[in-house]
Amino acid sequence: MPFVTHTQNGLVYLTSSLLDGCTQIAHGFSTRVGGVSAPPYDTLNLGVSRGDESACVRENYARFCGALGVETRRVTLSQQTHSANVRRVAEADAGMGLWRRRAYREVDALITDVPELPLTVFSADCGTLLLWDPAGRSVGAVHAGWRGCAAGIAERTVSDMVRFYGADPARLLAAVGPCIGPCCFETDSDVPEAMRAALGAEAEPYLSRRGRKWHVDLAGLNRLWLLRSGVLPEHIDLCGLCTACRPELFWSHRKMGDARGAQAAMIAVKFSGPMEEDL
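The text that follows walks through the structure, step by step, so that each part is easy to find. (Residues numbered from 1 in each chain as written. Predicted model: local features only at pLDDT ≥ 70, side-chain atom pairs only at ≥ 80, totals over all residues. Heavy atoms only, no water.)

Some remarks on empty space enclosed by the protein
Move 1: In the structure shown here, the tally under the stated rule is 1 cavity of 30 Å³ or more.
Move 2: Considered as a void within the structure, the largest cavity measures approximately 40 Å³ in volume.
Move 3: Around the largest cavity, the lining residues are Phe 29, Ser 30, Ser 123, Thr 128, Pro 178, Gln 263, Ala 264 and Ala 265.
Move 4: Elements represented by at least two residues in the lining of the largest cavity include exactly β3 (25–30) and β14 (263–269).
Move 5: By residue number, the principal contributor to the lining of the largest cavity is β14, which donates 3 residues.
Move 6: Looking at side-chain class alone, the lining of the largest cavity contains 4 nonpolar, 4 polar and no charged residues. (1 Å grid on protein atoms, 1.4 Å probe; cavity = no way out; pocket = protein on both sides within 12 Å on 5 of 7 lines; lining within 4 Å. Points joined across faces, edges and corners; volume = space filled by probe spheres on them. Helix = DSSP H or I, 4+ residues; strand = E, 2+ residues; numbered from the N terminus. Nonpolar A, V, L, I, M, F, W, Y, C, P; charged D, E, K, R; others polar.)

Encoded structure:
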């Protein structure tokens, strides 16, 4: 299903058509458009450790959260390190990373069943995944660059949602956000070798040799991990936009280096009302 582009008071963000129909959650994938940060973070930088002014970053969060309808003071972040570590987020963690000290070190996926607790992960080429279990009312947010992908962080997140919240993989809905596409993800043999070591022959359709370099379909590989976890193909929504091809919308580490901002993916359970009807 296609992602939907929204513009609100100059702020541009994306949502998944698959998740848009879920009334019990709020979610969104930010772009770089509609904030207050100065170059090289212009304008909607949501990265808290990029070197941007903290007041600008907080104002950017206020705008993005306002568009999604979630409480800025409850946004919860972690320190991402391309790991495969998943952390359960509790009520006591609300506001960690933005308004309070950084909550968790070396954590690249967050899960919770606490209402009104927006989970946030960042990217500037890496994959981001948002997960929703409509029966158990739990959510997950995953940062999955190629290292995290090869380590199976998507599968681990699904497994932890099953273990801690009773989620059923066949009921999970997943949105895979914008990331660097195979058109621009050019690499040496180390990335394909890592994917083959993790996924075997299943990785091959997502790896292509072009001259001396390999091109990698990161979104496709993250989708493959979700399928291996038991998520149904019709329950996975791919954005399809390449962050490196669209500098007017996204920051790209590959294209811009370290002097840049970061976009974010966010999801929260909105309230604890009656369960949604079976899909």
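Next comes the rest of the write-up.
Observations regarding helix α4 (residues 153–165)
Residues spaced three or four apart along an α-helix point in a common direction, a consequence of the helix completing one turn every 3.6 residues.
Move 1: In a regular helix each residue adds 1.5 Å, so 13 residues correspond to 18 Å; α4 covers 17 Å between its end C-alpha atoms and thus fits that length.
Move 2: All of the buried residues in α4 are Ile 153, Ala 154, Thr 157, Val 158, Asp 160, Met 161 and Tyr 165. Projected onto a plane normal to the axis of α4, the buried residues spread over an arc of 160° and lie on a single side.
Move 3: Where the residues of α4 are buried, they touch β4 (86–88), β5 (109–112), β7 (127–133), β8 (138–144), α3 (146–150) and α6 (218–228).
Move 4: Remark: Gly 166 follows α4 within two positions and exhibits a positive phi of approximately 70°. (Expected span 1.5 Å × (residues − 1). Buried < 20%, exposed > 50% of the residue type's maximum accessible area, 1.4 Å probe, protein only. Arc of directions from axis to C-beta. Contact = heavy atoms within 4.5 Å.)

A short note on the layout of surface pockets
Move 1: For the largest pocket, the calculated volume is near 620 Å³.
Move 2: Residue lining of the largest pocket: 26 residues in total, with His 82, Ala 124, Cys 126, His 143 and Arg 260 positioned closest to the centre.
Move 3: Counting residues per element, the ones that place at least two in the lining of the largest pocket are β6 (119–123), α3 and α7 (253–256).

As for the sheet that holds β14
Move 1: An order of β1-β2-β3-β14-β6 is seen for the 5 strands of this open sheet, with the pairing classed as antiparallel. Each end of this open sheet is capped by a strand with a single partner; those strands are β1 (3–8) and β6. Strand-to-strand twist in this sheet, taken as the mean axis angle between neighbours without regard to direction, amounts to 25°. (Pairing = 2+ DSSP bridges. Axes fitted to C-alpha atoms, helices over the stretch in contact; angles between N-to-C directions.)

What to know about the pattern of salt bridges
Move 1: Tallied over the full model, the rule gives 8 salt bridges.
Move 2: Notably, a salt bridge pairs Arg 32 with Asp 42, separated by 3.4 Å at the nearest N-O pair. One end of the pair, Arg 32, is in the loop between β3 and α2 (54–68); the other, Asp 42, is in the loop between β3 and α2, with 10 residues separating them in the sequence.
Move 3: Relative accessible area serves as the criterion here: at 26%, Asp 42 is assigned to the partly exposed category.
Move 4: Residues Glu 204 and Arg 196 are paired through a salt bridge, measuring 2.5 Å at the closest nitrogen-oxygen approach.
Move 5: Assessed through its relative accessible area of 28%, Arg 196 is described here as partly exposed. (Salt bridge = Lys/Arg side-chain N within 4 Å of Asp/Glu carboxyl O.)

A word on the sheet that holds strand β12 (residues 213–216)
Move 1: Across the sheet, 3 strands lie side by side as β10-β12-β11; this open sheet has antiparallel pairing. The sheet is open, and its two borders are formed by β10 (186–187) and β11 (207–210), each paired with just one other strand.

What about the pairing of β8?
Move 1: Among the 7 residues in β8, 7 count as buried, and that is most of the element.
Move 2: In β8, alternate side chains face the same way, and those of Ser 138, Gly 140, Val 142 and Ala 144 on one face and Val 139, Ala 141 and His 143 on the other are all buried.
Move 3: Pairing of β5 with β8 involves 4 bridges; the strand directions are antiparallel. Each residue of the ladder has a partner; that of Leu 110, found in β8, is Ala 141.
Move 4: Of the strand pairs in this sheet, β7 and β8 are connected by 7 bridges, and their pairing is antiparallel. Across the sheet, the residue bridging to Gly 127 is Ala 144, located in β8.
Move 5: Remark: 4 residues form the turn of the hairpin made by β7 and β8, two consecutive strands paired antiparallel; Arg 137 in that turn has positive phi of roughly 55°.

A few points about the packing of aromatic side chains
Move 1: Enumeration over the complete set of coordinates arrives at 2 aromatic pairs.
Move 2: When the centroid spacing of 5.4 Å and the interplanar angle of 45° are considered together, the rings of Phe 3 and Phe 29 count as tilted. Separated by 26 residues along the polypeptide, Phe 3 in strand β1 and Phe 29 in strand β3 bring together distant segments of the chain.
Move 3: Residues Tyr 13 and Phe 64 carry aromatic rings whose centres are separated by 6.3 Å and whose planes lie at 75° to one another, so their mutual orientation is edge-to-face. Of this pair, Tyr 13 sits in strand β2 (residues 11–16) while Phe 64 sits in helix α2, and the two are 51 residues apart along the sequence. (Phe/Tyr/Trp six-rings, centres within 6.5 Å; stacked < 30°, edge-to-face > 60°.)

Re the nonpolar core
Move 1: Membership of the largest hydrophobic core comes to 40 residues, with the highest contact counts inside it found for Leu 129, Leu 131, Val 142, Met 195, Leu 221 and Leu 226.
Move 2: No other element matches α6, which puts 6 residues into this core.
Move 3: Residue contacts for Leu 226: discarding those within four places in its chain leaves Leu 129, Leu 131, Ala 154, Val 158, Ala 174, Val 176, Val 231 and Ile 236.
Move 4: Core analysis: the second largest hydrophobic core is formed by 29 residues, Ala 94, Ala 141, Ala 175 and Val 269 among them. (Core = buried A, V, L, I, M, F, W, Y, C linked by side-chain atoms within 4.5 Å.)

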